[in-house]
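Remarks on the overall topology
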Amino acid sequence: MNLALRDIRHNLVRFSLTTVGVGLLLMIVMGMGGIYRGLIEEALLLVDSIGADLWVVQEATRGPFAEVSRVPLTLEDRLRAVPGVRTARAFVSHTIQREYQGKPLRIVVQGLSWPEDRGDWLPIIAGRALGAAHYEMIADRLLGLDLGEKVPLGRDVYTVVGLTNGMVGPGGDGMAFFTVRDALAIQFDLSAESIRLERASRRSRAGSQDIGKTQPFLIERAQGPSAGIPVLPRSMASAVLVQLAPGTDLDAVVRTISAWRDVSVFTSDQQRDLLLKGNVDKARRQLGLFRALLVIISAIIMALIIYTLTLDKVHDIAMLKLMGARNSLILGLILEQALLLGILGYALGYLMGQWVFPRFPRRVVITQDDLIMLAVIVVLISVLSSILGIWKAMRVQPNEVLS
Amino acid sequence: MTSAAIALETRGLTKVYGSGNTEVVAMRDVSLIIGKGEVVALLGPSGAGKSTLLTAVGLINPPTSGTIAIGGRQVMDGPRELVDARIFRRRFIGYVFQKANLIPFLTALENVQLALEINDTAGRDARRRAMELLEYLGVGDRVHNMPYMLSGGQQQRVAVARALANHPQLILADEPTAALDSVRGRQVMDLFRQVAHEKGAAVLVVTHDHRALDVFDRILEMEDGELRAHSADPAKKA
Ligand SMILES: Nc1ncnc2c1ncn2[C@@H]1O[C@H](COP(=O)(O)OP(=O)(O)O)[C@@H](O)[C@H]1O
Ligand SMILES: [Mg+2]
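Here, residues in each chain are numbered from 1, in the same order as that chain's written sequence. Chain A is the first chain written and ligand 1 is the first ligand written, with later ones labelled in order. Residue-level local features of this predicted model are given only where pLDDT is at least 70; pairs of side-chain atoms are given and counted only at 80 or more, and the full residue set underlies all totals for whole chains, interfaces and linings. The basis for every side-chain value is the complete set of non-hydrogen atoms in the structure, without hydrogens or water.

All names here are of chain B. Across the sheet, six strands lie side by side as S7-S8-S9-S3-S10-S11; this open sheet has mixed pairing. Both outer strands of the open sheet, strand S7 (93-96) and strand S11 (226-229), are each paired with one neighbouring strand and no more. Ignoring strand direction, the axes of neighbouring strands in this sheet form an average angle of 20 degrees. With four bridges connecting them, strand S3 (residues 39-43) and strand S10 (residues 218-223) associate as parallel partners. Each bridged residue has a counterpart across the sheet, and for Leu42 the counterpart in S10 is Leu220. Along the sheet face, helix H1 (residues 50-57) touches S3, S7, strand S8 (170-174), strand S9 (202-206) and S10 and points at about 150 degrees away from the line of S8. DSSP bridges decide pairing: two strands pair if at least two such bridges lie between them. The numbering of helices and of strands both runs from the N terminus, where a helix is a DSSP run of H or I of at least 4 residues and a strand a run of E of at least 2. Every axis corresponds to a line fitted to the C-alpha atoms, with the helix fit spanning only the stretch in contact, and the corresponding angles, defined between N-to-C directions, vary from 0 to 180 degrees. Note on contacts: a residue pair is in contact if any heavy atoms of the two residues lie within 4.5 Å.

Next comes the structure, spelled out in structure tokens:
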């Protein structure tokens, strides 16, 4: 005869409420882990899906995810000349926040080096990859844009030609993909007034310098478009991504590029590590601390309820001992209740999570490993939480029936 | 009485509660012999030490000194257990108290069944035996009720069924009929007598109900912790 179940049936309301409480706590514990996994996944999404072997960045910097890195677009061509390099493409990435249809729209603008890269590698769920050098974009579903929608950014209007799913930046904002030129245009989108002022100031700067005085035609150039001034550097990218030909010795290529004074080079794995250390590590520790606290709180709540359930039964336990019941029967009663509380709470937490987590603003990734780990922890705290009750029950004397 | 016919024997049982100023001698030098199949009443005013004696021989309240033998076997020497008291209780002793003390989260049937299962009677047999007993005690129609749904008398009859379930050699009852009307009380006493005579169990019953004394083979009386023979003892009259 199972006493644990029968006692629970007797105390159904109290037991159910406690189970729901424990379930909610465990759901949050699961969610915390899921948020952490989601952070990592979102952070690594780009690095992983972009499929580069090497990241070439500005000298002595740690790459575009850690700090500002500027490399000239011509670096692409230099890298293509290195033996073993199959492709080299500029990586342009910046986050913008613009007013769109009365609401702020945050976009991680991502440049694709047209025409080599049209975004065919993206998880496109509707529409197509880029088909023209300008004025097209592939937007993530998260941005809430529709296929064919025309979005004004800077002084140009871009048409949404494709939709992706799950492409978000390290900050959780949706990505949109443009050609590198368009991405740069969006980044350095200046108002007509500021361009006019900049040109005027360039003109007066040139006029006050020797070169402007000796070569007056340069003053004409200085007040024209910046692209027409030969001494000014060309547009910059954040990094250049290198893909190696199959069978190439990675280390050899890294050695070659490392010898260049103006850049630093990271393998994809190094870039991932930098990304995790820089962006995710603190969040991981914070969430980890929270999870540990919640697990401890769950254990305390379970211990308390198991203890009070046991206290309620002291008289019955005395009667069981009087009738000559073995300790295992009494111990089993308490332990089974604790385990049931833990297991039902866990199941409830899991089910509630299935419903709640997809409604979280950021991605929650529940992995099998995390679930198994938590299940083991729940069993452990169930056993631990019953110790107090068992300790009490073992001290009950059979003659307490009479009191 | 030959030793094989002795169910319970105590020698010089003494119980002292507390010490120093608060010392209470609840039971003093109690020696008694109850034979198998014998039904014995224990009378005495409140505070006489009747419950103390019953719980001592029931192995749930060890005496300060003296010895207890059950079924010819020494079980207590002073406060020292000579056997595993818990195993001994479940095999050989049945208790009924003034209160039924049923397990509140088990039905009437389950309460009796549990006593059998604790003593290793398997599920179906336990169920059948529990059912029989409850029917015999007139609560056959309430077997699936929880204790709180039963009247005091019904609860007490379930408790009696539980005490008898394992065919104990020694039945100890402390004012078992206090919660019953006289007819039901009489019925319980008759049942004890029947079990004693048919199964050879020894029965020791604390009672205040002087009208039911005729069911007993012998009457003992306690006062101030000491045992003395009762004036109305049928064994004496004979
Ligand atoms: N646990 C105890 N601690 C101290 N004194 C007790 C305890 N149990 C009983 N007594 C005392 O022992 C005496 C006998 O009690 P008891 O055996 O319950 O008497 P009866 O059952 O005949 O009424 C009483 O004076 C009572 O106060
Ligand atoms: Mg008493």
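The structure having been displayed, the exposition proceeds.
Residues and elements named next belong to chain A. With 39 residues, helix H2 (residues 12-50) should cover 57 Å at 1.5 Å per step; its first-to-last C-alpha distance of 54 Å lies within 8% of that length. Values of bend correspond, residue by residue, to the angle between axes fitted over the seven residues ending at that residue and the seven starting there. In H2, a bend of some 45 degrees at Leu44 exceeds every other bend along the element. Positive phi shows up at Gly51, right after H2, with a value of about 65 degrees. What a helix is expected to span follows from its residue count: subtract one and scale by 1.5 Å.

Residues and elements named next belong to chain B. When at least one non-hydrogen atom of a residue lies within 4 Å of a molecule or strand, that residue is treated as near it. Around ligand 1, a shell composed of Tyr17, Ala26, Pro45, Ser46, Gly47, Ala48, Gly49, Lys50, Ser51 and Thr52 is seen. For this analysis, a polar contact is any N or O atom pair within 3.5 Å, provided that within protein one partner can donate a hydrogen and the other can accept it, and provided that sequence-adjacent residues contribute only side-chain to side-chain pairs. In the environment of ligand 1, an oxygen atom lies 3.2 Å from a nitrogen or oxygen atom belonging to the backbone of Ala48. Within the contact set of ligand 1, an oxygen atom lies 3.0 Å away from a backbone nitrogen or oxygen of Gly49. Computed by Shrake-Rupley with a 1.4 Å probe, the accessible areas treat only the displayed protein chains as cover when residues are assessed. In the complex, 57% of the free accessible area of ligand 1, which totals 560 Å², lies under the protein chains. At three residues, the largest contribution of residues to the shell around ligand 1 is made by H1. Polarity classes work like this: nonpolar for Ala, Val, Leu, Ile, Met, Phe, Trp, Tyr, Cys and Pro, charged for Asp, Glu, Lys and Arg, and polar for all others, with Gly in that last group. Class assignment of the residues belonging to the shell around ligand 1 gives a composition of four nonpolar, five polar and one charged.

The next subject is the nonpolar core. Residues belong to a common nonpolar core when they are buried Ala, Val, Leu, Ile, Met, Phe, Trp, Tyr or Cys residues joined through side-chain atoms within 4.5 Å. For every residue, the accessible area (1.4 Å probe, protein chains only) is compared with the maximum for its type, and the residue is labelled buried under 20%, exposed over 50%, or partly exposed between those bounds. Formed by 113 residues in total, the largest nonpolar core has its most connected members in Trp55 of chain A together with Leu53 of chain B. A per-element tally of this core places H2 of chain A first, with 17 residues. The start and end points of each domain follow an automatic or database-based domain assignment. Residues lining this core come from more than one domain, with at least three contributed by each of domain 1 (3-43 + 281-402) and domain 2 (45-277) of chain A. Judged by nonpolar contacts, the second largest core, of 41 residues, contains Leu43, Val96, Ala100 and Val195 of chain B.

A word on the sheet that holds strand S1 (residues 6-17) of chain B. Across the sheet, which stays open at both edges, the five strands sit in the order S2-S1-S4-S5-S6 (chain B) with antiparallel pairing between neighbours. Of all strands in the sheet, those with a lone pairing partner are strand S2 (24-35) and strand S6 (80-81) of chain B, marking the two edges.

Turning to unusual backbone geometry, a few remarks are in order. Residue Pro115 of chain A is bonded to the preceding Trp114 of chain A through a cis peptide linkage, with omega at 0 degrees. If you trace the backbone, Pro115 of chain A turns up in the loop between strand S4 (103-112) and strand S5 (124-127). The phi dihedral of Asp29 of chain B falls on the positive side, at around 50 degrees, and the residue is not glycine. Relative to the elements of secondary structure, Asp29 of chain B occurs in strand S2.

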